[in-house]
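What follows is the residue order along each chain.
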Amino acid sequence: MSEQHAKRGVGVILYGPPASGKDTVTRALVALDPAFALFARVKVGPGRSTGYRMGSPELLARLRAADAVVYENSRYDAVYVTDRPGLHQAFAAGTPVMHLGQVEGVRAVLDGYPAAWLTVLLWCPREATAARSVGRGDADTPARLAAWDATHADLEANPDFTFDLTIRTDTVSPERAADQIRQALAQRGSSLILTDFDDTLIDRHAAVAAWVAGYCAEYTLGAVAEERMLDAMRVRTDPATFERLAADLGLPDSAEALWARYEPELAASVKPFPGTVEALASAREAGHQVVVVTNGGTEIQRAKLQTSGIAEVVDAVCISEEIGARKPSRLIFEAAAASVARDLSEGGWMIGDNAELDVVGGREAGLRTVWISHGRPWPGGPEPDYSASNILDALEHVLGGAQ
């Protein structure tokens, strides 16, 4: 998890009143995965120094002047600063865990420092704060109880703000709380990416054109026959396609013989677009779940997936013949999400070169969509969320927007 989270800019914000368990839950997170680390805010003023980067009024002035303050607040006669340079370093090192006690501060961080933040409300009753504060020897328990009251009022004043996760620390152990946060964070850090196969990941058109040209040259069938075969096979090729072609053009082979030859020969010749395998592997390494969603026959599609190397760098494959539904049917998108234990209600992306099958189908399934244009103008109708020139452009956009 640590490598994936660091690459994607994933962090945790723990919000709660004093003595709600922010420190103990953070220690439990670090014990669970060393990639977690407390984000030490800059503190200017008296009091406890543990867990802070102690600074001077001069440092605070420099941060303000450089517009490097994401959020600051005053409490216990001190100023606490969430600074942009500190966050840069924290995300570069791993998965920062930030402690905040104001909804205003949580909003400021979410708005001022874009990342895949998981917001967690740690809550305990006022009497639990009092008992914990006395038990750990705080000299300022009355002030901490006043802060508990302020936190309670803060929540009531912001009824529209919803935390991603709420944990009652008076009933849940720090270890259990850390496990719940890790599970929720894993879900937050991972986006569902569905992608078409033919002419999105592999250059099917080039492979089909080469096969047709070779076949026609072998039997000297001429340019007209070659053009008609390529036109019929451009989008979809199956035994029925060859039956029509054999009858219309009087081809020297039967439909059965043509299919028996075409299937393995095409599968052996397909190639992914340059950089595709590496880009898909990077998306998975970054924590995303990648599923190929393709119309077609099981045998030929799986053969092409193996030959192209795509099968090795995706989490799952959904083929229409296996599923019993073809794009743009919602059923195949539902099956694709379920193949990696996800649900379409969680959202995700659909990438493809076909406006109707991939963009319209994906949109109606509740997914954000990317159209691979290959230099073509958009054919009309509701536009995709993004038009990409190729799969590398598409994945770059998705990885940047999946947070």
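Higher on the page you've got the structure.
Parameters and conventions
- All residue numbers refer to positions counted from 1 along the written sequence of the respective chain.
- Local features in this predicted model are restricted to residues whose pLDDT is 70 or higher, and side-chain atom pairs enter the listing and the counts only when it is 80 or higher, whereas totals over whole chains, interfaces and linings include all residues.
- The side-chain quantities take in all heavy atoms of the structure and omit both hydrogens and water.
- Fitted lines through C-alpha atoms give the axes, limited to the stretch in contact for helices. The angle between two N-to-C directions lies from 0 to 180 degrees.
- In this description a helix means any DSSP run of H or I spanning at least four residues, a strand means any run of E spanning at least two, and both kinds are numbered starting from the N terminus.
- Note on terminology: angles under 35 degrees are roughly parallel, angles over 145 are roughly antiparallel, angles of 65 to 115 are roughly perpendicular, and the others are oblique.
- A contact between two residues is defined here by any heavy atoms of the two lying within 4.5 Å.
- Nonpolar residues are Ala, Val, Leu, Ile, Met, Phe, Trp, Tyr, Cys and Pro. Charged residues are Asp, Glu, Lys and Arg, and all others, Gly as well, are polar.
- Burial classes follow relative accessibility: with a 1.4 Å probe on protein chains only, a residue under 20% of its type's maximum area counts as buried, one over 50% as exposed, and anything between as partly exposed.
- Our arc is simply the arc of the directions from the helix axis toward the C-beta atoms.
- Between the rings of Phe, Tyr and Trp (Trp by its six-membered ring), a pair exists once the centres lie within 6.5 Å; its type follows the angle of the planes, with under 30 degrees stacked, over 60 edge-to-face, and the other angles tilted.
- Any two strands are treated as partners once DSSP identifies two or more bridges connecting them.
- Handedness of a crossing follows from how the near helix is turned relative to the far one, being left-handed for an anticlockwise turn of less than a right angle and right-handed for a clockwise one.

**Q** Please clarify how the packing of helix 12 (residues 255-269) against helix 14 (residues 298-308) should be interpreted in this entry.
**A** Think of two packed helices as two axes; the pair is described by the angle between the axes and how far apart they sit. For the pair helix 12 and helix 14, the least separation of the axes is 8 Å and the interaxial angle reads 25°. Taken together, the axes of helix 12 and helix 14 lie roughly parallel to each other. In this structure, helix 12 contributes Trp259, Tyr262, Glu263, Leu266, Ala267 and Ala268 to the contact, and helix 14 contributes Glu299, Ile300, Ala303, Lys304 and Thr307. Counted by class, the contact of helix 12 with helix 14 contains seven nonpolar, one polar and three charged residues.

**Q** What exactly am I supposed to notice about helix 6 (residues 126-135) here?
**A** Given 3.6 residues per helical turn, the α-helix brings residues three or four places apart onto the same face. Listing the buried residues of helix 6 in full gives Ala128, Thr129 and Ser133. End-on view of helix 6: buried residues confined to an arc of 130°, all on one side of the axis. Turned more than 90 degrees away from the buried face of helix 6, the exposed residues are Glu127, Ala131, Val134 and Gly135. Summarising the contacts, the buried residues of helix 6 are in contact with helix 7 (141-157). One or two positions beyond helix 6, positive phi appears at Gly137, with a value near 80°.

**Q** Is there a simple way to explain the packing of aromatic side chains in this structure?
**A** Aromatic ring pairs are reported here in terms of the distance separating the ring centres and the angle at which the planes meet. Scanning all chains against the criterion turns up 14 aromatic pairs. Ring centres of Trp211 and Tyr215 lie 5.3 Å apart, and the angle between their planes is 10°; on these two criteria the pair is classed as stacked. You can see Trp211 and its partner Tyr215 sitting in helix 9 (residues 204-218), four residues apart, about one turn around the helix. With respect to burial, Trp211 and Tyr215 carry one shared label: buried. Between the aromatic rings of Trp371 and Trp378, the centroid separation amounts to 4.9 Å while the plane-to-plane angle is 80°, which identifies the pairing as edge-to-face. Aromatic rings pair up to connect Trp211, Tyr215, Tyr219, Phe242, Trp259 and Tyr262 into one cluster.

**Q** Help me out: how do you make sense of the pairing of strand 12 (residues 316-319) in this one?
**A** Consecutive residues of a regular strand have side chains that alternate between opposite faces of the sheet. Burial along strand 12 is two-sided: the face carrying Ala316 and Cys318 and the face carrying Val317 and Ile319 are both buried. Relative to strand 12, strand 11 (residues 289-294) runs parallel, the two being bridged by four bridges. Bridge pairing in strand 12 links Val293 to Cys318.

**Q** Where do I start with the packing of helix 9 against helix 10 (residues 223-233) in this structure?
**A** With their axes 10 Å apart at the nearest point, helix 9 and helix 10 run at an angle of 145° to one another. The way helix 9 lies across helix 10 gives a crossing that is right-handed. Contact with helix 9, carried on its side by Arg204, His205, Val208, Ala209, Trp211, Val212, Ala213, Tyr215 and Cys216, involves Ala225, Glu226, Met229, Leu230 and Met233 of helix 10 and no other residues of that element. When the residues that make up the contact of helix 9 with helix 10 are grouped by side-chain class, the tally is 11 nonpolar, one polar and two charged.

**Q** Could you clarify how one ought to interpret the environment of Gly381 in this entry?
**A** Positionally, Gly381 belongs in the loop between strand 14 (368-372) and strand 15 (386-388). It is 31 Å that separates the C-alpha atoms of Gly381 and Lys271, two residues lying 110 residues apart in sequence.

**Q** How should I be thinking about the sheet that holds strand 8 (residues 116-123) in this particular structure?
**A** Picture the strands of a sheet paired through backbone hydrogen bonds; they go either parallel or antiparallel. The parallel open sheet is built from five strands, whose spatial order is 2-7-1-8-9. In this open sheet, the two edge strands, each paired with only one partner strand, are strand 2 (36-38) and strand 9 (165-168). Each neighbouring strand pair of the sheet contributes to a mean axis angle of 25°, computed without reference to strand direction. Note: strand 2 against strand 7 (residues 95-100), three bridges, orientation parallel. Each residue of the ladder has a partner; that of Ala37, found in strand 7, is Pro96. Along the sheet, helix 2 (residues 22-32) contacts strand 1 (10-15), strand 2, strand 7 and strand 8; its crossing angle with strand 7, the most-contacted strand, is approximately 175°.

**Q** Quick question: what am I supposed to make of the pairing of strand 7 here?
**A** Burial analysis of strand 7 places six of its six residues in the buried class, which makes it a mostly covered element. Side chains Thr95, Val97 and His99 of strand 7 all project onto a buried face; the interleaved residues Pro96, Met98 and Leu100 project onto the opposite face, where all are buried too. Examined bridge by bridge, strand 1 and strand 7 share four bridges and lie parallel to one another. Across the sheet, the residue bridging to Leu14 is His99, located in strand 7.

**Q** How should the sheet that holds strand 3 (residues 41-44) be read in this particular structure?
**A** Strand order across the open sheet formed by four strands is 4-3-6-5, with mixed pairing between neighbours. Looking at which strands have only one partner, the edges of the open sheet turn out to be strand 4 (52-54) and strand 5 (69-75). The sheet shows a mean angle of 30° between the axes of neighbouring strands, direction not considered. Pairing between strand 3 and strand 4: three bridges, direction parallel. Its bridge partner lying in strand 4, Val42 is registered against Arg53. Most of the contacts of helix 4 (residues 84-93) go to strand 6 (residues 78-83), to which it runs at about 55°, and overall it touches strand 4, strand 5 and strand 6.

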